[in-house]
Amino acid sequence: MSIYLAVFMVVAYFIWIKCFHNRHRRTLLKSLQTVLEVPSLSEINGDGIRALIITAHPDDECMFFAPTILRLVELDAIVHLLCLSEGNYYNQGAQRKQELFNSCAVLGIQHSRITIVDHKNLPDDPKAEWRVSLVSSIIVKHMRAHTFNMVLTFDGRGVSGHANHIAIYKTVRLCFAVPGDRWPPQEVHLLPRASPQQFAAIMFLLFFRRTGLQNAMLCHRSQLLWFRYLYIAFSRYMFTNTFQVIPQGPKNLKIY
């Protein structure tokens, strides 16, 4: 009886994910339609998308953002990755850096579009408090060197609760909430482009080819403990991504 219940739960889980995919697929297409400024959904392709994924550590890109990256690459979008540490918590920084390059090659991100930051004040440490001023200066510098019309990063809980993830979210939210010249003149934002009063508006779930994602995860050999295999099999972030609106804040908001 327990075996049948387990099988039922697994099947129900995958059906649930597929239903969410069907429900939100049109939301993704409409959001991309807004960014690309095309008159109809049938004309959507990724030629006009320049996306920046901001992460904290090597392996974040495939643990949390792989469905998005794979779909954007399939649409021929230009995808950049900004990783704010080498993941040197266990003194494996050099190895993890190479693992990140290998993972991105599987996901379809070109080597020249990967930036890994190695800064002594941005350690890979769940107890470390990354300063918003430092993180914002790095992100702003990177964005001023490129032209992006889509920015994706962690939510307010850092997805997994990691302090470094949360620091990135706080920085991006505060920076985009402040009007003025903190960001490049072209106005970097998430979707939709038609709303200058919002930082971001995109919600979509994707059902994708799991082979590519699994291969990307397997590139991070130094991180493949037993529970990571369970994560690969059952985590919803291996199937779907959901992005929410971050409203623009008051004009007198300051960042310290």
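Participant: What is the right way to read the overall build of the protein chain from this model?
Facilitator: Per the secondary structure count, the protein chain includes 8 helices and 6 strands. Listing every helix and strand of the protein chain by position from the N terminus yields α-β-α-α-β-α-β-α-β-α-β-α-α-β. Across the 256 residues that make up the protein chain, the buried fraction comes to 50%. Residue pairs in contact within the protein chain that sit at least 24 positions apart in sequence constitute 78% of those at least 6 positions apart. Roughly 13,000 Å² of accessible area belongs to the protein chain as shown, and the carbon and sulfur atoms make up 55% of that amount.

Participant: What is the right way to read unusual backbone geometry from this model?
Facilitator: Most peptide bonds take the trans configuration, and most residues that are not glycine carry a negative phi. Unusually for a residue other than glycine, Asp59 sits at a positive phi of about 100°. Inspection of the secondary structure assignment puts Asp59 in the loop between β1 (50–55) and α2 (60–64). One non-glycine residue, Asp76, lies in the positive phi region at around 65°.

Participant: Which parts of the structure should I look at to understand helix α4 (residues 93–107)?
Facilitator: Counting along an α-helix, one turn takes 3.6 residues, and residues three or four places apart therefore face a common direction. For α4, spanning 15 residues, the distance from its first C-alpha to its last is 21 Å, which sits close to the expected 21 Å at 1.5 Å a residue. Where α4 is concerned, the buried positions are Gly93, Arg96, Glu99, Leu100, Phe101, Ser103, Cys104 and Leu107. Phi turns positive, to about 105°, at Gly108, one or two residues after α4.

Participant: Teacher, can you tell me more about the pairing of strand β2 (residues 78–83) here?
Facilitator: For a regular strand, the rule is simple: side chains alternate between the two faces of the sheet. Counted residue by residue, β2 has 6 buried out of 6 residues, so it is predominantly covered. With burial as the criterion, each face of β2 is covered, one bearing Ile78, His80 and Leu82 and the other bearing Val79, Leu81 and Cys83. Both β1 and β2 contribute to a ladder of 6 bridges, which runs parallel. Bridging from a neighbouring strand, Thr55 pairs with Cys83 of β2. Note that β2 and strand β3 (residues 114–116) share 3 bridges and pair parallel. Its bridge partner being in β3, Cys83 is matched across the sheet by Ile116. Between the parallel elements β2 and β3, the chain passes through α4 in a crossover that is right-handed.

Participant: Honestly, the nonpolar core in this entry has me stumped. Any pointers?
Facilitator: One broad rule of soluble globular proteins: the nonpolar side chains tend to lie buried together. Of all hydrophobic cores here, the largest spans 54 residues; its most connected members are Ile54, Leu72, Leu84, Ile114, Trp130 and Ile168. Per element, the largest residue contribution to this core is 5 residues, and it comes from helix α5 (residues 132–144). Residues in contact with Ile168, not counting those within four places in the same chain, are Ile54, Thr55, Ala56, Leu84, Trp130, Thr153 and Phe154.

Participant: Help me out: how do you make sense of the pattern of salt bridges in this one?
Facilitator: A side chain of one charge can pair with a side chain of the opposite charge when the charged atoms of the two come close. Counted by the stated rule, this structure contains 4 salt bridges. With its nearest N and O atoms 3.5 Å apart, the salt bridge here joins Asp124 to Arg96. Placement of Asp124 in the loop between β3 and α5 and of Arg96 in helix α4 is noted, with a sequence separation of 28 residues between them. Like Asp124, the residue Arg96 is buried in the burial classification. The structure contains a network of salt bridges with shared partners spanning Asp59, Arg96, Asp124 and Arg228.

Participant: Just checking my understanding: could you explain the sheet that holds β3 for this structure?
Facilitator: Strand pairing in a sheet takes place through backbone hydrogen bonds and is either antiparallel or parallel in direction. Across the sheet, 4 strands lie side by side as β3-β2-β1-β4; this open sheet has parallel pairing. Bordering the open sheet on either side are β3 and β4 (150–152), each of which pairs with just one other strand. Put simply, the sheet's adjacent strands are angled 15° from each other on average, direction ignored. Along the sheet, helix α3 (residues 66–74) makes contact with β1, β2 and β4, crossing β4 at roughly 155°. The strands that α5 touches are β1, β2, β3 and β4; relative to β1, the one it contacts most, it runs at about 160°.

Participant: I keep staring at helix α8 (residues 226–234) and nothing clicks. Help me out?
Facilitator: Within the sequence span of α8, burial applies to Arg228, Tyr231 and Ile232. Taken down its axis, α8 places every buried residue within 100° of arc, on the same side.

Participant: I tried to follow the side chain of Thr55 on my own but got confused; where do I start?
Facilitator: Relative to the helices and strands, Thr55 is located in strand β1. When residues no more than four places from it in sequence are discounted, the contact partners of Thr55 are Asp60, Glu61, Phe65, Leu81, Leu82, Cys83, Leu84, Phe154 and Ile168.

Rules used in this analysis
Residues numbered from 1 in each chain as written. Predicted model: local features only at pLDDT ≥ 70, side-chain atom pairs only at ≥ 80, totals over all residues. Heavy atoms only, no water. Helix = DSSP H or I, 4+ residues; strand = E, 2+ residues; numbered from the N terminus. Buried < 20%, exposed > 50% of the residue type's maximum accessible area, 1.4 Å probe, protein only. Contact = heavy atoms within 4.5 Å. Areas by Shrake-Rupley, 256 points an atom, 1.4 Å probe, with all protein chains shown as cover. Expected span 1.5 Å × (residues − 1). Pairing = 2+ DSSP bridges. Right-handed = clockwise from strand over helix to strand, strands pointing away. Core = buried A, V, L, I, M, F, W, Y, C linked by side-chain atoms within 4.5 Å. Salt bridge = Lys/Arg side-chain N within 4 Å of Asp/Glu carboxyl O. Axes fitted to C-alpha atoms, helices over the stretch in contact; angles between N-to-C directions. Arc of directions from axis to C-beta.

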